[in-house]
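Residue-level structural notes
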Amino acid sequence: LAAQAGASPQKVWDAPTRLFHWLLAGLFAFSWWTGEEGRLDWHRWSGYLIAGLIVFRIYWGFAGPETARFARFVRGPRQTLAYAFSLFRPDYRLAFGHNPLGALSVLAILLALIAQVGLGLFAQDTDTGLVSGPLNRFVSYETAEAATELHEAAFDILMILIAVHVAAVAFYLVVKRANLVGPMITGRRRRWETGPEGGLTAAPLWRLGLGVLLAAATIWLLATI
Amino acid sequence: MTLRLTLAGAAFAALLAACNAEAPDTAATPSEVETAAAPAEEHGAAVAANPSSQEIIETRQKHLKEMGAAMKTIGDNLKSGSPSLETIRPAVATLNGHAPNLASWFPAGAGPEAGVKTEALAKIWEDAPGFQAAAKRYVGEAAKLQTIADAGDLQAIGPQLGAVGAACKNCHDTYRLKKE
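Analysis parameters
- Residues numbered from 1 in each chain as written.
- Chains lettered and ligands numbered in written order.
- Predicted model: local features only at pLDDT ≥ 70, side-chain atom pairs only at ≥ 80, totals over all residues.
- Heavy atoms only, no water.
- Helix = DSSP H or I, 4+ residues; strand = E, 2+ residues; numbered from the N terminus.
- Buried < 20%, exposed > 50% of the residue type's maximum accessible area, 1.4 Å probe, protein only.
- Areas by Shrake-Rupley, 256 points an atom, 1.4 Å probe, with all protein chains shown as cover.
- Lys, Arg positive; Asp, Glu negative; His and termini not counted.
- Charge placed at Lys NZ, Arg CZ, Asp CG, Glu CD.
- Contact = heavy atoms within 4.5 Å.
- Buried area = accessible area lost by both parts, 1.4 Å probe.
- Salt bridge = Lys/Arg side-chain N within 4 Å of Asp/Glu carboxyl O.
- Polar contact = N/O pair within 3.5 Å; in protein donor to acceptor, adjacent residues only side chain to side chain.
- Phe/Tyr/Trp six-rings, centres within 6.5 Å; stacked < 30°, edge-to-face > 60°.
- Lys NZ or Arg CZ within 6 Å of the ring centre and 35° of its normal.
- Axes fitted to C-alpha atoms, helices over the stretch in contact; angles between N-to-C directions.
- Parallel < 35°, antiparallel > 145°, perpendicular 65-115°, else oblique.
- Left-handed = near helix turned anticlockwise from the far one by under 90°.
- Nonpolar A, V, L, I, M, F, W, Y, C, P; charged D, E, K, R; others polar.
- Expected span 1.5 Å × (residues − 1).
- pLDDT = per-residue confidence, 0-100.
- Core = buried A, V, L, I, M, F, W, Y, C linked by side-chain atoms within 4.5 Å.

**Some details on the overall build of chain A**
From N to C terminus, chain A includes eight helices and two strands. Viewed in the frame of its principal axes, chain A has a C-alpha envelope of about 60 × 35 × 30 Å. The burial tally for chain A puts 47% of its 225 residues in the buried class. Accessible area of chain A: about 11400 Å², with a carbon and sulfur share of 71%. Looking at chain A, you have 19 positive and 15 negative side-chain charges, and the mean spots of the two groups are 19 Å apart.

Following this line, the structure appears as structure tokens:
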């Protein structure tokens, strides 16, 4: 069924991309919980941090190493369909990094997160009227109310996208016998005859530094508006 | 394999559904509802004679939104860096003016059993003393805010606005339907 995986590990995800992924997962859960519990002071901070992560990930999609780059993994409809049809062929090879279908998932989740955080900036605290988004005071009560409702609706869309993402990971684990979670933790996987022989080449440290600065500036800006 | 996938999917669906398990309480029994019936005569403007449950609920929502908007007006004004009493005072008048009528916007029958979209929980009528106490706390905090606004003490408005907001939240936490 699956291609024979070699014994020597191959680096596929760099540390910043992995850290981004798990910080995002953790903060998303934290935002969910604080939103449910009405802990909007924490919810707001969580949103600022997620905004910082989004800015970093977009930047990293252009400045990061190969498997983090949008241009490297976003594919057109033809190649995406070709990948989908190849899934059950005997010569199937696990992609090095995001496969074309996973790329759609990455883009959809990123876009939904941008909408979610963007709406949250204008949303208002309907419990006390005081712990509202940082841009709430620049819009009317009615506009803010609409933003708040959309903020709640967009959450459902995100949950659906995350369910699809988790289901896809389960599919690869059960059907394709490929553990995608491990490499997202360790950065390494067994070789699948795809990708460069020596594995992923990390991006220069100064680029990472610039990305962290961009993220920090975003968080600072939102916290001080 | 298919079965394992199905099970994984079902488990995830259950996880998702768990956050939607916020069903409103069952309606109060008539005897419990009786105890919460507040005198509607004191405030002619709030509730008209024999209005339908729908009218009561719509009027209540309109007033509560006015209060929410007033909170926002004051909060925004304080955050703007140049607070002005001309902006703050009318909003405070809204918050304090509605305060004594607040509890009476919840007469018996104007809860979830009315069949109108409302976030008012049946607990308002089941736990009438608790609800009255929560309303009373708001009345007290709004009155203090009024005193401060009358005195023109801009420095004290912010902290007291926080106390008013906490009184809002105190009641919402127990007696308002949580969004999923």
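**With respect to unusual backbone geometry**
Positive phi, normally seen in glycine, also occurs at Arg177 of chain A, with a value near 55°. Following the sequence through the fold, Arg177 of chain A ends up in the loop between α6 (141-174) and α7 (181-186).

**Some thoughts on the interface of chain B and chain A**
As a measure of interface size, the accessible area lost when the parts come together is often cited. Residue-level contacts link 25 residues of chain B with 27 residues of chain A. Here chain B packs against chain A, burying approximately 2400 Å² in sum over the two surfaces, 58% of which is carbon and sulfur. For the pair chain B and chain A, the interface holds two salt bridges. Across the chain B-chain A interface, the total number found is six residue pairs in polar contact (both at pLDDT 80 or more).

**Focus on the pattern of salt bridges**
Overall, the coordinates contain ten salt bridges over all chains when judged by the stated rule. For Lys144 of chain B, the salt bridge is made with Glu141 of chain B, and the minimal N-O distance between the two is 3.8 Å. Linking Lys144 of chain B with Glu141 of chain B, this pair stays in helix α6 (residues 128-151), spanning three residues, or about one helical turn. Residue class for Glu141 of chain B comes out buried when judged on its relative accessible area of 15%. Where salt bridges share partners, they join Asp127 of chain A together with Glu119 and Arg176 of chain B into one cluster.

**Structural notes on the packing of aromatic side chains**
Residues and elements named next belong to chain A. In this structure the tally under the stated criterion is 16 aromatic pairs over all chains. Ring plane angle 40° and centroid distance 6.2 Å describe the contact between Phe30 and Trp33, whose orientation is recorded as tilted. In this pair, Phe30 and Trp33 both sit in helix α1 (residues 15-37), three residues apart, roughly one turn of the helix. A relative accessible area of 30% places Phe30 in the partly exposed class. The residue whose ring lies beneath Arg39 is Trp42, and the NZ or CZ to ring-centre distance is 4.1 Å.

**Considerations on the packing of α6 of chain B against helix α7 (residues 154-175) of chain B**
Residues and elements named next belong to chain B. The interhelical angle for the contact between α6 and α7, taken along N-to-C directions, is 165°, at an axis separation of 9 Å. Taken together, the axes of α6 and α7 lie roughly antiparallel to each other. As for how α6 packs across α7, the hand of that crossing is left-handed. Of the residues in α7, those in contact with Gly130, Phe131, Ala134, Arg137, Tyr138, Glu141, Ala142, Lys144, Leu145, Ile148 and Ala149 of α6 are Ala156, Ile157, Gln160, Leu161, Ala163, Val164, Ala166, Ala167, Cys168, Asn170, Cys171 and Tyr175. Taken together, the residues of the contact of α6 with α7 break down into 17 nonpolar, three polar and three charged.

**Observations concerning α6 of chain B**
Note that an α-helix has 3.6 residues per turn; residues three or four places apart therefore point the same way. Residue and element names in this part refer to chain B. Here α6 is 24 residues long and its end C-alpha atoms lie 35 Å apart, about the 34 Å a rise of 1.5 Å per residue gives. Looking at α6, one finds that the buried residues are Ala128, Phe131, Ala134, Ala135, Tyr138, Glu141, Ala142, Leu145, Gln146, Ile148 and Ala149. Just past α6, the residue Gly152 takes up positive phi, approximately 75°.

**Brief notes about the environment of Leu64 of chain B**
Residues and elements named next belong to chain B. Counting through the fold element by element, Leu64 comes out in helix α3 (residues 53-79). The sequence separation of Leu64 and Leu102 amounts to 38 residues, and the corresponding C-alpha distance is 8.6 Å. If sequence neighbours within four positions are ignored, Leu64 has contacts with Leu102, Trp105 and Phe106.

**Quick look at the confidence of the model for chain B**
Residue and element names in this part refer to chain B. Taken over all residues, the pLDDT of chain B has a mean of 79, while the share at 70 or more is 71%. Taken as a whole, residues 1-49 scores under 50 in pLDDT and shows 54 contacts with residues more than four places along the chain or in a different chain. Both confidence scores are given for the complex: pTM 0.80, ipTM 0.72.

**A word on the packing of helix α2 (residues 40-63) of chain A against helix α5 (residues 100-122) of chain A**
Geometrically, a packed helix pair is captured by the angle between its two axes and the distance between the axes. Residues and elements named next belong to chain A. For the pair α2 and α5, interaxial distance at closest approach is 10 Å and the crossing angle is 140°. Classed by the angle they form, the pair α2 and α5 counts as oblique. Viewed along their axes, α2 and α5 form a crossing whose handedness is left-handed. Across from Gly47, Ile50, Ala51, Ile54, Arg57 and Ile58 in α2, the residues of α5 making contact are Leu110, Leu113, Ile114 and Val117.

**A short note on the nonpolar core**
With 31 residues, the main nonpolar core has Ile74, Leu95, Phe106, Tyr138 and Leu145 of chain B as its most contacted residues. Elements represented by at least two residues in this core include exactly α3, α4 (85-98), α5 (123-126), α6 and α7 of chain B. For this core, the leading source of residues is α6 of chain B, giving eight residues. Beyond its immediate stretch of four places on either side in the chain, Ile74 of chain B contacts Ile88, Ala91, Val92, Leu95, Leu145, Ile157 and Leu161 of chain B. Counting 26 residues, the second-largest nonpolar core is a separate cluster that includes Phe28, Leu110, Met159 and Leu222 of chain A.

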